Protein chains: 2
Amino acid sequence: MLISTRGRYGLRSLVDLVINAGDNPIPLREIAERQGISESYLEQVFAILRKAGLITAVRGSYGGYTLARPASEITIKEILSALEGSLVPVDCVTNEQNSQCRRKNSCITHSFWKELDVKISELLSSTTLQDLVNKNENRL
Amino acid sequence: MLISTRGRYGLRSLVDLVINAGDNPIPLREIAERQGISESYLEQVFAILRKAGLITAVRGSYGGYTLARPASEITIKEILSALEGSLVPVDCVTNEQNSQCRRKNSCITHSFWKELDVKISELLSSTTLQDLVNKNENRL
DNA sequence: TATTAATCCTACTATTTTACTCGGTTTAGA
DNA sequence: TCTAAACCGAGTAAAATAGTAGGATTAATA
């Protein structure tokens, strides 16, 4: 599995956030209710998104969350990378030094994994949060 | 991570099997040595590949493994599907009844996951084991 | 026929990841 | 001051991962 519940919950919740956005920030409780996700689990997901600079929090009563940037400027890749840590299909194609495989240059399969990684990255980085919302609106 | 060591070991070992194929079946010990993989772990990997009908075993002394079909007729998707069980990026796009999500039709993100799944499938099913071997030979 | 080298099979295990829950602290509007 | 929100850290049960271990079966060969 490339994407865990953390990534799926996060993406669904951000789409929810865009669709239900108004003048005020949206409390997590509402998103959790609408999406049928445990609020305390979603808290942790949103903490990651906030630290990644994708959402902004307003604390205190009548607080909640808003997107830090327009939905059209946030790619799915940014969202999922933050939540999943890494999106590489196999460890050996990561850029991190310590997990790069020693066989990298001689490994026959390495270039194939790289090719797969590029294909996945292309789709994820060419799709924005707004694209997802639009796609949904067209369906209605 | 989409692909675990089981999938990576399996694919690398099959490439090894093709490259080193001769008149006789190749014993697992040799592959494990060349690839630097624990032989007893690789046993389990090869058991899966055999049950999936991708390789044929010859038991007893001077035994070993051969491909069940020509490398050009075995896709990477077949290999990895067997080893990983499923290759879907998220559970909700699987065809199995019990893990299909209830929100399937209303879920905004579902069609995106499906799109990702198709992209990955396209590459994996259009590449054969022979393609990987050829790619390597061209590099030399 | 005994030896040997291979596949085959089952069970166990340590570690890591996942998907949470829980209890409390801080913040800020009414 | 009350309340509703974000924030924080610790704990935890279950599953997946990546193996190890020990033996049973099979078949070629000396």
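It should be noted that the structure appears before, not after, this text.
Visitor: Give a detailed account of the protein's contact with DNA strand D, specifying residues and quantitative values.
Guide: Not every one of the 26 residues close to DNA strand D is listed here, only the nearest: Leu28 and Arg29 of chain A together with Thr5, Ser38 and Gln44 of chain B. The protein-proximal atoms of DNA strand D, defined as those within 4 Å of the protein, are 67% sugar or phosphate. One of the backbone N or O atoms of Ser61 of chain A is found 3.4 Å from a base nitrogen in DNA strand D. Of all the elements in the fold, those that place two or more residues in the surface near DNA strand D are α2 (28-35), α3 (39-51), β1 (55-58) and β2 (64-67) of chain A together with α1 (5-19) and α3 (39-51) of chain B. In the surface near DNA strand D, the residues fall into eight nonpolar, 12 polar and six charged.

Visitor: Go over the packing of α3 of chain A against helix α4 (residues 76-84) of chain A with me, naming the residues and quoting the values.
Guide: Residues and elements named next belong to chain A. At their nearest, the axes of α3 and α4 sit 9 Å apart, and the two run at 120 degrees to each other. Accordingly, the angle class assigned to the pair α3 and α4 is oblique. For the crossing formed where α3 meets α4, the hand is right-handed. Here α3 contributes Val45, Ile48 and Leu49 to the contact with α4, which in turn contributes Ile79, Ala82 and Leu83.

Visitor: Give a description of the interface of chain A and chain B that names residues and reports values.
Guide: At the junction of the two partners, chain A supplies 36 residues and chain B supplies 36 residues. Taken over both partners, the interface formed by chain A and chain B buries close to 3,400 Å², and the fraction arising from carbon and sulfur atoms is 69%. Counting the surface chain A buries against chain B, the share from its top three residues, Met1, Ile108 and Phe112 of chain A, is 21%. Summed over the shared surface of chain A and chain B, the result is six residue pairs in polar contact (both at pLDDT 80 or more). Within the residue set of the side of chain A that touches chain B, elements represented by two or more residues are α1 (5-19), α2, α4, α5 (110-126) and α6 (129-139) of chain A. No other element matches the nine residues that α5 of chain A contributes to the side of chain A that touches chain B.

Visitor: Summarise the packing of α1 of chain A against α2 of chain A; cite the residues concerned and give the values.
Guide: Residue and element names in this part refer to chain A. The interhelical angle for the contact between α1 and α2, taken along N-to-C directions, is 115 degrees, at an axis separation of 10 Å. With respect to their mutual orientation, α1 and α2 come out roughly perpendicular. In terms of crossing hand, the pair formed by α1 and α2 is right-handed. Where α1 abuts α2, its residues Arg12, Ser13, Asp16 and Leu17 lie against Ile31, Arg34 and Gln35. Residues that form the contact of α1 with α2 fall into these classes: two nonpolar, two polar and three charged.

Visitor: Now, about the protein's contact with DNA strand C: what can you tell me, with residues and values included?
Guide: The full set close to DNA strand C counts 26 residues, and Thr5, Ser38, Gln44 and Gly60 of chain A together with Leu28 of chain B are the nearest of them. Among the atoms of DNA strand C close to the protein, meaning within 4 Å, 68% are from sugar or phosphate groups. Contact between DNA strand C and Arg50 of chain B: a phosphate oxygen at 3.0 Å from a side-chain N or O atom of the residue. In the model, a base oxygen of DNA strand C is placed 3.0 Å from a nitrogen or oxygen of the Arg59 of chain B side chain. Elements represented by at least two residues in the surface near DNA strand C include exactly α1 and α3 of chain A together with α2 (28-35), α3, β1 (55-58) and β2 (64-67) of chain B. Grouping the amino acids of the surface near DNA strand C by side-chain chemistry returns eight nonpolar, 12 polar and six charged.

Visitor: If you had to explain the relation of the copies chain A and chain B to someone new, which residues and values would you point to?
Guide: The second copy of the chain is related to the first by a rotation about an axis and a shift along the axis. Laying chain A over chain B is done by rotating through 180 degrees and shifting 0.0 Å along the axis; what remains is an RMSD of 0.0 Å. The transformation relating the two chain copies, once decomposed into turn and shift, fits a two-fold axis. If distances are taken from each C-alpha of chain A to the rotation axis, the shortest is found for Leu2 of chain A, at 2.1 Å. Looking at the interface residues of chain A, 100% of them are also at the interface in chain B, so both copies use one shared face.

Visitor: Can you explain the packing of aromatic side chains? Please cite residues and give values.
Guide: Inspection of every chain in the model, using the stated rule, returns six aromatic pairs over all chains. Measuring from centroid to centroid gives 5.9 Å for Tyr9 of chain A and Tyr41 of chain A, while their planes differ by 80 degrees, and the two rings are edge-to-face. Of the two residues, Tyr9 of chain A sits in helix α1 while Tyr41 of chain A sits in helix α3, which places them 32 residues apart along the sequence. Its relative accessible area of 28% is what places Tyr41 of chain A among the partly exposed residues. Relative to Trp113 of chain B, the ring of Phe112 of chain B has its centre 5.7 Å away and its plane inclined at 55 degrees; by these criteria the two rings are tilted. Residue classification places Phe112 of chain B among the buried residues on the basis of a relative accessible area of 0%. Relative accessible area serves as the criterion here: at 1%, Trp113 of chain B is assigned to the buried category.

Definitions and limits used
Numbers given to residues run from 1 along each chain, matching the order in which its sequence is written. As a convention, the first chain written is A and the first ligand written is 1, with the rest following in written order. Selection of residues for local features in this predicted model requires a pLDDT of at least 70, selection of side-chain atom pairs for listing and counting requires 80 or more, and totals for whole chains, interfaces and linings are taken over all residues. Working from all heavy atoms in the structure, the side-chain values ignore hydrogens and water. Residues are classed as near a molecule or strand on a simple rule: at least one heavy atom within 4 Å of it. As used in this structure description, the phrase polar contact means that two N or O atoms lie within 3.5 Å; if the pair is within protein, one of them must be able to donate a hydrogen and the other to accept it, and residues adjacent in sequence are counted only when both atoms belong to side chains. In this text, helices come from DSSP runs of H or I with a minimum length of four residues, and strands from runs of E with a minimum of two, each type numbered from the N-terminal end. The residue classification treats Ala, Val, Leu, Ile, Met, Phe, Trp, Tyr, Cys and Pro as nonpolar and Asp, Glu, Lys and Arg as charged. All others, Gly included, are polar. To get an axis, fit a line to the C-alpha atoms, keeping to the stretch in contact for a helix; angles then go from 0 to 180 degrees between the N-to-C directions. An angle below 35 degrees is read as roughly parallel, one above 145 as roughly antiparallel, one from 65 to 115 as roughly perpendicular, and any other as oblique. Note: crossing handedness is left-handed where the near helix turns anticlockwise from the far helix by less than a right angle, and right-handed where it turns clockwise. Every residue pair with non-hydrogen atoms within 4.5 Å of one another is taken to be in contact. The term buried area denotes the loss of accessible surface (1.4 Å probe radius) that occurs when two parts are joined, taken as the sum for both partners. To superpose the copies, least squares is applied to the C-alpha atoms of every residue with a pLDDT of at least 70 in both. Stacked, tilted and edge-to-face are the three classes assigned to paired rings of Phe, Tyr and Trp, where Trp is represented by its six-membered ring and a pair needs centres within 6.5 Å; plane angles under 30 degrees give stacked, over 60 edge-to-face, the rest tilted. Buried residues are those whose accessible area, probed at 1.4 Å on protein chains only, stays under 20% of the maximum for their type, while exposed residues exceed 50% and partly exposed ones sit between those limits.

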